[in-house]
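# Observations on chain architecture
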Amino acid sequence: MNFVGNAFDEIAVDDTFGQTLTITEAHIVQACGLFGDFNPLHSNEAFAKRTRFGQRILHGPMTSAYMTASIGMFFYATAEAYLEHDCRFLSPVFAGDTLTVNWRIAELVPKPRHRGGIAVLAGSCRNQRDEVVAEADGKILLLDREAVSHPKGIR
């Protein structure tokens with residue numbers, strides 16, 4: 001891929017980014033195998049129909065992973081490490097829901113020794129009814145553009 005994402009010295013507090021995805025039946029089934037979590041809330045339609053949800057739900061960690069995917073793409077090839085992630089699940093996600101993730105850069109912490117800094121992020125994930133299904137906070141260590149263009153030891 002030739003795309004290079006945003007560097008630490010190219011972003012500002014209150015910048016936003018995100019993406020949208022429609023969750024399918026395949027996402028729920030794949031998450032069962034990926035996580036090894038076959039709880040009947042995720043894997044048994046007859047069982048799930050008798051719960052307060054009325055149908056199978058997506059695993060919370062899959063919603064969280066989808067939220068972090070937009071971070072990975074926004075900072076493609078400029079991130080050194082995703083340092084922290086705290087996610088709160090507020091509403092169930094079903095097959096057919098369209099999720100929109102929005103991240104806001106809440107704070108920037110320069111780290112000159114690392115040739116960049118830490119972006120502190122605040123995120124939300126909403127469904128097509130504009131209901132918040134998850135909120136998250138994260139921290140990511142980023143390089144400045146010069147450090148991306150000239151990796152350590154290469155000048």
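Above this text you will find the structure in question.
Cut-offs used in this document
Residues numbered from 1 in each chain as written. Predicted model: local features only at pLDDT ≥ 70, side-chain atom pairs only at ≥ 80, totals over all residues. Heavy atoms only, no water. Helix = DSSP H or I, 4+ residues; strand = E, 2+ residues; numbered from the N terminus. Buried < 20%, exposed > 50% of the residue type's maximum accessible area, 1.4 Å probe, protein only. Areas by Shrake-Rupley, 256 points an atom, 1.4 Å probe, with all protein chains shown as cover. Lys, Arg positive; Asp, Glu negative; His and termini not counted. Charge placed at Lys NZ, Arg CZ, Asp CG, Glu CD. Pairing = 2+ DSSP bridges. Axes fitted to C-alpha atoms, helices over the stretch in contact; angles between N-to-C directions. Contact = heavy atoms within 4.5 Å. Expected span 1.5 Å × (residues − 1). Phe/Tyr/Trp six-rings, centres within 6.5 Å; stacked < 30°, edge-to-face > 60°.

### Points about the overall build of the protein chain
- What the protein chain contains, in helices and strands, is five helices and five strands.
- Tracing the protein chain from N to C terminus, the helices and strands come up as β-α-α-α-α-β-β-β-β-α.
- Counting only C-alpha atoms and orienting by the principal axes, one finds that the protein chain spans roughly 60 × 30 × 25 Å.
- The 155 residues of the protein chain split such that 35% are buried.
- When the accessible surface of the protein chain is split by element, carbon and sulfur atoms take 53% of a total near 8400 Å².
- Averaging the coordinates of the 15 positive side-chain charges in the protein chain and doing the same for the 18 negative ones gives two points 4 Å apart.

### Focus on the sheet that holds strand β3 (residues 98-111)
- Read across the sheet, five strands follow the order β1-β3-β4-β5-β2 without closing on themselves; strand pairing throughout is antiparallel. One side of each edge strand has no neighbouring strand; the edge strands of this open sheet are β1 (16-22) and β2 (79-89). The mean angle between the axes of side-by-side strands here comes to 20°, regardless of whether they run parallel or antiparallel.
- The sheet strands contacting helix α4 (residues 60-74) are β1, β2, β3, β4 (116-126) and β5 (132-143), and the helix crosses β2 at an angle near 145°.

### A short note on the pairing of β3
- In terms of strand pairing, β1 meets β3 through seven bridges, oriented antiparallel. Considered in β3, the bridge of glycine 18 is made with asparagine 102.
- Judged from the eleven bridges that link them, β3 and β4 form a sheet pairing that is antiparallel. Among the inter-strand pairings, glutamate 107 is bridged to a residue of β4, identified as valine 120.
- Connecting β3 to the next strand, β4, in antiparallel fashion are four residues, including arginine 115 with a positive phi near 60°.

### Some points on the environment of glycine 116
- Note that glycine 116 resides in strand β4.
- Among the residues examined, glycine 116 registers a relative accessible area of 5% and is labelled buried.
- C-alpha separation for the pair glycine 116 and glutamate 80, spaced 36 residues apart in sequence, amounts to 9.3 Å.
- Residues in contact with glycine 116, not counting those within four places in the same chain, are Phe8, Pro110, Lys111, Leu142, Leu143 and Asp144.

### Side note on α4
- Between its terminal C-alpha atoms α4 stretches 22 Å, which fits the 21 Å expected from 15 residues at 1.5 Å a residue.
- Among the residues of α4, Gly60, Met62, Thr63, Ser64, Tyr66, Met67, Ser70, Ile71 and Phe74 are the ones counted as buried.
- Where α4 is buried, its residues touch β1, α1 (25-35), β2, β3, β4 and β5.

### Let's talk about the packing of aromatic side chains
- Under the counting rule described, the total for this entry stands at three aromatic pairs.
- Seen from their ring centres, phenylalanine 17 and phenylalanine 74 are 4.0 Å apart, and the 5° between their planes marks the pair as stacked. Of the two residues, phenylalanine 17 sits in strand β1 while phenylalanine 74 sits in helix α4, which places them 57 residues apart along the sequence.
- Residue classification places phenylalanine 17 among the buried residues on the basis of a relative accessible area of 8%.
- Ring centres of phenylalanine 74 and phenylalanine 75 lie 5.0 Å apart, and the angle between their planes is 85°; on these two criteria the pair is classed as edge-to-face. Phenylalanine 75 shares its class with phenylalanine 74; the two are buried.
- Here the aromatic residues Phe17, Phe74 and Phe75 are joined through ring pairs into a cluster of three or more.

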